[in-house]
Amino acid sequence: MKIFIDTADLAEIKDAFSWGIVEGITTNPSLMKKAQDKQGGTNLEEYVKKILVASRGTPVSLEVLGGTAEEMYAQGKKLYSKFKNYGAVVIKIPVNPSVDDNSKVHYEGLKATKMLSEENIPVNVTLVMTPEQALLAAIAGATYVSPFAGRIDDHLRKQRGKEFGKLDYFNKHGIKDSKGNLITDTGLVSGVHLINSIASIFRNYNFKTQILAASTRNARQVREIAEAGAHIATIPFPVLKEMIHHHKTLEGMKAFTDDIVPEYRKLFE
Ligand code: E4P
């Protein structure tokens, strides 16, 4: 499984890439806002170029804003042509993009995905909450699908009550309500279950579309996402650090350091 970094924060991106284990970046409008707020406002176009340069030629997902297929197609083409010389741009398209002012739901994400994919522009279909959305995105020619594991867990937790924090581990086998019944969303008991189901479907039909597990919230969830067969997990910087950290590793390192004798130091001279 590959690791992408889920941030638009340039400092985090540079730090994570320096470790040599990151192979892509995902952004969204909220992550861009967070990065902009941290910078105290910035020229976003120049900032995106810096992100692309920092990505060292690996895929960088940039999200469109439109509600109709035509808008998303035009925005995708614009982003792609504007930034393609700076890095490997991937256009992020919401599977089911919007509700308009008249409460009409637009189901145009797949159409935009097909239009862009047919022009060999890589598409990452985002906000995927069910295996059937992922199946349709794969049929439409998506290069990546982004199932939001953490947000499914948030949704299930909310139904159960407030005992879980957003970053807490959520049992991949699900949680029960006060009557002892498993809490489900469209039959799914956890975010990891969502990834597992998509992986089985893609394997059954040999889809080339890659599962880019998103909305990852803690190290243990990333482990289970890897077990479930995701091709990629996109991970926020604090979760990436959590994956590296263990108190016994630190304790062991301290003991080794305490035991260094002068003769051992001489080996390095
Ligand atoms: C990445 O592609 C997603 O936009 C991101 O993982 C969403 O994460 P969140 O649910 O923590 O906001």
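The structure reproduced in this document is the subject of the present report. (Residues numbered from 1 in each chain as written. Predicted model: local features only at pLDDT ≥ 70, side-chain atom pairs only at ≥ 80, totals over all residues. Heavy atoms only, no water.)

Here we take up the overall build of the protein chain. Counting its regular elements, the protein chain contains 12 helices and 10 strands. With the C-alpha coordinates aligned to their principal axes, the bounding extent of the protein chain is approximately 75 × 55 × 40 Å. Among the 269 residues that make up the protein chain, the fraction classed as buried is 46%. At a minimum sequence separation of 6, the contacts of the protein chain that also span at least 24 residues come to 60%. Of the roughly 14,500 Å² of accessible surface on the protein chain, 53% is carried by carbon and sulfur atoms. If the 35 positive side-chain charges of the protein chain are averaged to one point and the 31 negative ones to another, these points end up 1 Å apart. (Helix = DSSP H or I, 4+ residues; strand = E, 2+ residues; numbered from the N terminus. Buried < 20%, exposed > 50% of the residue type's maximum accessible area, 1.4 Å probe, protein only. Contact = heavy atoms within 4.5 Å. Areas by Shrake-Rupley, 256 points an atom, 1.4 Å probe, with all protein chains shown as cover. Lys, Arg positive; Asp, Glu negative; His and termini not counted. Charge placed at Lys NZ, Arg CZ, Asp CG, Glu CD.)

With 4 of 5 residues buried, strand 1 (residues 2-6) is to be regarded as a mostly interior element. In this sheet, strand 10 (residues 232-235) lies alongside strand 1 in parallel orientation, the contact comprising 4 bridges. Looking at the pairing, I5 lines up with I235 of strand 10. The sheet contact formed by strand 1 and strand 2 (residues 25-26) spans 2 bridges and is parallel. (Pairing = 2+ DSSP bridges.)

Right, let's get into helix 1 (residues 10-18). Turning to helix 1, its buried residues are L10, I13, A16 and F17. Angularly, the buried residues of helix 1 cover 130° about the axis, an arc narrow enough to put them on a single face. In this structure, the buried side of helix 1 is in contact with strand 1, strand 2, helix 3 (44-54) and helix 10 (237-244). Of the residues trailing helix 1, G20 is marked for its positive phi of about 80°. (Arc of directions from axis to C-beta.)

Glancing now at the site of the ligand. The local shell around the ligand consists of D6, T26, N28, K92, F148, R151, A214, S215 and R217. Within the side chain of D6, a nitrogen or oxygen atom sits 2.5 Å from an oxygen atom of the ligand. A distance of 2.7 Å separates an oxygen atom of the ligand from a polar atom in the side chain of S215. (Near = heavy atom within 4 Å. Polar contact = N/O pair within 3.5 Å; in protein donor to acceptor, adjacent residues only side chain to side chain.)

The values reported here are purely geometric and, on their own, carry no functional implication.
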